[in-house]
Amino acid sequence: MNRYSRALFSILKNDQVPQLTRSHFTYYPDKYVKDVAVQGVQKMNMFQAINSAMDKALEEDESALLFGEDVGFGGVFRCSINLRDKYGKDRVFNTPLCEQGIAGFAIGVANTGATAIAEIQFADYIFPAFDQIVNEAAKYRYRSGGIFDCGSLTFRVPCGAVGHGALYHSQSPEAYFAHTPGLKVVVPRGPIKAKGLLLACIKDKNPCIVFEPKTLYRAAVEEVPVGSYVSEIGKADILRKGSDITLIGWGTQVHVLLEVAEMAKKDLNVDCEVIDLVSILPWDRETIANSVKKTGRVIVSHEAPLTQGFGSEIAAYIQDKCFLHLEAPVKRVTGWDTPFPHVFEPFYLPNKLRCLSAIKELINY
């Protein structure tokens, strides 16, 4: 039991009301890249940045269609707000409550050469569409020998912990899709990255899935370029340089690791390098290997359960390519191998104290 768990159990034992907050992270905003801000910037939260991206896509591509459950009304997270009014109900519209139907329709749209932007309302709802995505969308080009495909197909999928979602609204299923050749899978950490990655996926000629950490929709605010730009798929970002240990995450967990890096420097005099993987499939092996060869220690952290989480793939690759450079075993700090809980969410998440404890363990190995 870690220090956070012991403290909370102590509070409960003494009949005190625990002061639990909804958010388990402190948000670290990005600085915009000036060369993609030629039309200026505007302060946006993440759902507004996603809305801006889809607005640009619909404006620039007359074949683009945007659809999903409640999308015509703006969606449950308001990401498509006002787009039906601007582009009409023939291009932005609601679908039946049928994820398999949404995916099948999206594949058909893309197969005709049009651009499909499909929303799955929660990542937890994507499983009825799993067969369509991994057996149809991902394989179209391969099975036809390149004669036809369903590129120009993007699924937007809100994912991850949100503070009150419990087992049917909080999952992080990126590892399921990372096992599927033919797909591209990305996870943004904030508004700037969300807009750039979504536009990159919409323009990409391969089916893409954008897992959007839903807790960031309103918690993340940045100065976002108002024009159209893309963020490279398959390229990790080094957010903090360091020499003692490499911390790897994606989505919301990046912000946990950035805070942990500050704590480690202050409390332990440990210099952490923090990397946002950004892209799950393809993923940036070179950046990871170069960092691990420099630091000799590495922690991979994600909200999904430990067993067969994508951290397993990263750990296996590091063991294979960086073994002689390692000063300690690769450490994973993740969610537990249980269904995502409701009132026990604080125990489930890989928070900063669990990550800091892992740093201490590796430094003292």
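Residues numbered from 1 in each chain as written. Predicted model: local features only at pLDDT ≥ 70, side-chain atom pairs only at ≥ 80, totals over all residues. Heavy atoms only, no water.

Chemist: Account for the overall build of the protein, with residues named and values stated.
Modeler: If you tally the helices and strands in the protein, you get 14 helices and 14 strands. Structurally, the protein occupies a C-alpha span of about 60 × 50 × 40 Å along its principal axes. The buried share among the 365 residues of the protein stands at 58%. Contacts in the protein between residues at least 24 apart in sequence constitute 82% of all its contacts with a sequence separation of at least 6. By element, 52% of the accessible surface of the protein is carried by carbon and sulfur atoms, the whole surface being about 16,000 Å². Where the 40 positive side-chain charges of the protein centre and where its 41 negative ones centre are 4 Å apart. (Helix = DSSP H or I, 4+ residues; strand = E, 2+ residues; numbered from the N terminus. Buried < 20%, exposed > 50% of the residue type's maximum accessible area, 1.4 Å probe, protein only. Contact = heavy atoms within 4.5 Å. Areas by Shrake-Rupley, 256 points an atom, 1.4 Å probe, with all protein chains shown as cover. Lys, Arg positive; Asp, Glu negative; His and termini not counted. Charge placed at Lys NZ, Arg CZ, Asp CG, Glu CD.)

Chemist: Describe the packing of helix 2 (residues 46-60) against helix 8 (residues 191-203), with residues and values.
Modeler: Two elements in contact, helix 2 and helix 8, have axes separated by 8 Å at closest approach and are oriented at 30°. By the criterion of interaxial angle, the relationship of helix 2 to helix 8 is roughly parallel. Viewed along their axes, helix 2 and helix 8 form a crossing whose handedness is right-handed. In this structure, helix 2 uses M46, A49, I50, S52, A53, M54, K56, A57 and E60 to contact helix 8, whose residues at the interface are P191, A194, K195, L198, L199, I202 and K203. (Axes fitted to C-alpha atoms, helices over the stretch in contact; angles between N-to-C directions. Parallel < 35°, antiparallel > 145°, perpendicular 65-115°, else oblique. Left-handed = near helix turned anticlockwise from the far one by under 90°.)

Chemist: Describe the pattern of salt bridges, listing the residues and the values that go with them.
Modeler: Throughout the structure, instances matching the rule amount to 16 salt bridges. The residue D30 makes a salt bridge to R189 at a minimum N-O spacing of 2.8 Å. Of this pair, D30 sits in the loop between helix 1 (3-13) and strand 1 (41-45) while R189 sits in the loop between strand 6 (184-186) and helix 8, and the two are 159 residues apart along the sequence. You'll find D30 and R189 in the same group, each marked buried. (Salt bridge = Lys/Arg side-chain N within 4 Å of Asp/Glu carboxyl O.)

Chemist: Describe in detail the sheet that holds strand 10 (residues 245-249), supporting the description with residues and values.
Modeler: Within a sheet, adjacent strands bond to each other through the backbone by hydrogen bonds, running parallel or antiparallel. The five strands are arranged 9-11-10-13-14 in an open sheet whose pairing can be described as mixed. Of all the strands in the sheet, just strand 9 (237-240) and strand 14 (331-335) have a single pairing partner and so form its edges. The average undirected angle you get between the axes of adjacent strands in this sheet is 25°. As judged from the three bridges shared by strand 10 and strand 13 (residues 298-305), these two strands associate in the parallel manner. The residue bridging T246 from the neighbouring strand is V298, located in strand 13. Contacting strand 9, strand 10, strand 11 (272-276) and strand 13, helix 10 (residues 253-268) crosses the sheet at an angle of about 175° to strand 11. (Pairing = 2+ DSSP bridges.)

Chemist: Mind laying out the sheet that holds strand 5 (residues 153-159), listing which residues take part and the relevant values?
Modeler: Pairing within the open sheet is mixed, and its seven strands lie in the order 3-2-4-5-7-6-12. Edge positions in the sheet fall to strand 3 (92-94) and strand 12 (279-281), since each of these pairs with one other strand and no more. Looking at each pair of strands side by side, their axes are set apart by 20° on average, direction ignored. Bridging between strand 2 (residues 65-68) and strand 4 (residues 116-119) involves four bridges; their strand directions are parallel. If you follow L65 over to strand 4, its bridge partner there is A116.

Chemist: So what's going on with the environment of S228? Residues and values would help.
Modeler: With respect to the helices and strands, S228 occurs in the loop between strand 8 (221-225) and strand 9. Within the local environment of S228, its side chain forms a polar contact with the side chain of E60, the two groups lying 3.3 Å apart. (Polar contact = N/O pair within 3.5 Å; in protein donor to acceptor, adjacent residues only side chain to side chain.)

Chemist: I'd like to hear about the side chain of H255, residue by residue, with values.
Modeler: Turning to its location among the elements, H255 is positioned in helix 10. Judged by its relative accessible area of 1%, H255 is buried. Within polar-contact distance, the side chain of H255 engages the backbone oxygen of R189 at 2.7 Å. Other than its neighbours up to four places away in sequence, H255 contacts F25, T26, Y27, Y28, R189 and L216.

Chemist: Help me get a handle on the packing of aromatic side chains, residues and values and all.
Modeler: Considering all chains together, one arrives at 16 aromatic pairs under this definition. Each ring, one from F67 and one from F105, has its centre 5.0 Å from the other, and the planes form 75°; the classification is edge-to-face. Taken together, the residues span a long stretch of sequence, with F67 in strand 2 and F105 in helix 4 (residues 99-111) at a distance of 38 residues. Between F130 and Y176 the ring centres are 6.4 Å apart and the planes differ by 80°, which places this aromatic pair in the edge-to-face class. In this pair, F130 sits in helix 5 (residues 130-136) while Y176 sits in helix 7 (residues 174-178), placing the two residues 46 residues apart along the sequence. For Y176, a relative accessible area of 49% corresponds to the partly exposed category. (Phe/Tyr/Trp six-rings, centres within 6.5 Å; stacked < 30°, edge-to-face > 60°.)

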